[in-house]
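Residues per chain are reported as follows:
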Amino acid sequence: MEKYKNKYRISSARLQTWDYGSNGAYFITICTQNRDHFFGKILETQFIASEMGQLAEKFWLEIPQHFPFIELGNFVIMPNHVHGILIINNDTPFAAAAVAFAIVETRLIASLQSQTEIQSQTEIQSQTEINGGFAGTKNPMFHDNISRIIRWYKGRCSFEMRKIHANFAWQSRFHDHIIRDAQSFETIQNYIANNPMNWNKDKFYV
């Protein structure tokens, strides 16, 4: 571990040499904090979603609506985590429009922040995450990459799920794996599809 201001910190799990805005397919895993079972349960080999699990699925399906350069591969909601494949295609005709909209939205948020003192900085930040994770044009999260997409997804889920369970929280990080060829893509697609069937063998099983 590295030290920052005399405190230990865990190094970033992101691959430093990879451009996370590049076209390609990514296998994503996001866990709940402490791997708590917020999303439902496995009954025999079938996942039975809770109300929060239904929200986790709903917002995952909405990702391409907010990020038109994203296509969804297989995904699955499990009791304490989400697995899914995100496919980035920045060559779509909608990608440029999405970036332009992001700039306008960022400026609007900044304007609202300067005009009112009613909302706290924390509230502004939370609303920013819900609307897409934009915190300013100099923020690296602004770029069309995996981190910004997951930031939006986690923020959107958290906002709605805490209305159901005030203590809901995600693990602070997420895991990603770059899918480099068709064989790997097929293997991961099958792994995701079979995840409920193999729940008791899953490393996230608790």
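Quick caveat: nothing in here was measured; it's all calculated off a predicted structure.

Trainee: Teacher, can you tell me more about the overall build of the protein here?
Mentor: Looking only at helices and strands, the protein has six helices and eight strands in total. Starting at the N terminus and walking to the C terminus, you meet the elements of the protein as β-β-β-β-β-α-α-β-β-α-α-α-β-α. Evaluated residue by residue, the protein yields a buried proportion of 42% over its 206 residues. Sequence separation of at least 24 residues holds for 69% of the intrachain contacts in the protein that already meet a minimum separation of 6. Counting every atom, the protein has about 12100 Å² of accessible surface; 52% of that belongs to carbon and sulfur.

Trainee: What exactly am I supposed to notice about the packing of aromatic side chains here?
Mentor: Two aromatic rings are characterised by how far apart their centres lie and by the angle between their planes. For the coordinates displayed, the defined rule picks out 10 aromatic pairs. For the pair F27 and Y191, a centre-to-centre distance of 6.1 Å together with 80° between the ring planes defines the contact as edge-to-face. In this pair, F27 sits in strand β3 (residues 24-31) while Y191 sits in helix α6 (residues 182-193), placing the two residues 164 residues apart along the sequence. Three or more aromatic residues joined by ring pairs form one cluster here, namely F38, F39, W60, F75, Y153, F168 and W170.

Trainee: What exactly am I supposed to notice about helix α1 (residues 51-61) here?
Mentor: Spacing of three or four residues puts side chains on the same side of an α-helix, whose turn is 3.6 residues. Among the residues of α1, M52, G53, L55, A56, F59 and W60 are the ones counted as buried. When α1 is viewed along its axis, its buried side chains cluster within an angular range of 155° and face the same direction. Those residues of α1 that are buried are in contact with β3, β5 (46-49), α2 (63-66), β6 (70-77), β7 (81-88) and α5 (146-161).

Trainee: Teacher, can you tell me more about the packing of α1 against α5 here?
Mentor: The description of two packed helices rests on the angle between their axes and on the distance between the axes. In the contact formed by α1 and α5, the axes pass within 10 Å of each other and the chain directions differ by 145°. Pair α1 / α5 crosses with right-handed handedness. Listed contacts from α5 to M52, L55, A56, F59 and W60 of α1 are W152, Y153, R156, C157, E160 and M161. Of the residues belonging to the contact of α1 with α5, the class tally is nine nonpolar, no polar and two charged.

Trainee: Teacher, can you tell me more about the pairing of β6 here?
Mentor: Look at any regular strand and the pattern is simple: side chains alternate between the two faces of the sheet. Bridge analysis of β6 against β7 gives six bridges, and the strand direction is antiparallel. Residue pairing for β7: I77 is matched across the bridge by V82. Between β6 and β7, which pair antiparallel and follow one another directly, the connecting turn spans three residues.

Trainee: Would you take a moment to explain the nonpolar core for this structure?
Mentor: Soluble globular proteins tend to pack their nonpolar side chains together in the buried interior. Ranked by internal contacts, the top residues of the largest apolar core, which has 40 residues, are I28, F39, I63, L86 and Y153. Of all the secondary-structure elements, those providing two or more residues to this core are β3, α1, β6, β7, α5, β8 (175-179) and α6. At seven residues, the largest contribution of residues to this core is made by α5. Leaving out residues up to four positions away in the same chain, I28 has contacts with W60, V82, H83, G84, L86, I146, I150, F174, H175 and D176.

What counts, and at which threshold
Residues numbered from 1 in each chain as written. Predicted model: local features only at pLDDT ≥ 70, side-chain atom pairs only at ≥ 80, totals over all residues. Heavy atoms only, no water. Helix = DSSP H or I, 4+ residues; strand = E, 2+ residues; numbered from the N terminus. Buried < 20%, exposed > 50% of the residue type's maximum accessible area, 1.4 Å probe, protein only. Contact = heavy atoms within 4.5 Å. Areas by Shrake-Rupley, 256 points an atom, 1.4 Å probe, with all protein chains shown as cover. Phe/Tyr/Trp six-rings, centres within 6.5 Å; stacked < 30°, edge-to-face > 60°. Arc of directions from axis to C-beta. Axes fitted to C-alpha atoms, helices over the stretch in contact; angles between N-to-C directions. Left-handed = near helix turned anticlockwise from the far one by under 90°. Nonpolar A, V, L, I, M, F, W, Y, C, P; charged D, E, K, R; others polar. Pairing = 2+ DSSP bridges. Core = buried A, V, L, I, M, F, W, Y, C linked by side-chain atoms within 4.5 Å.

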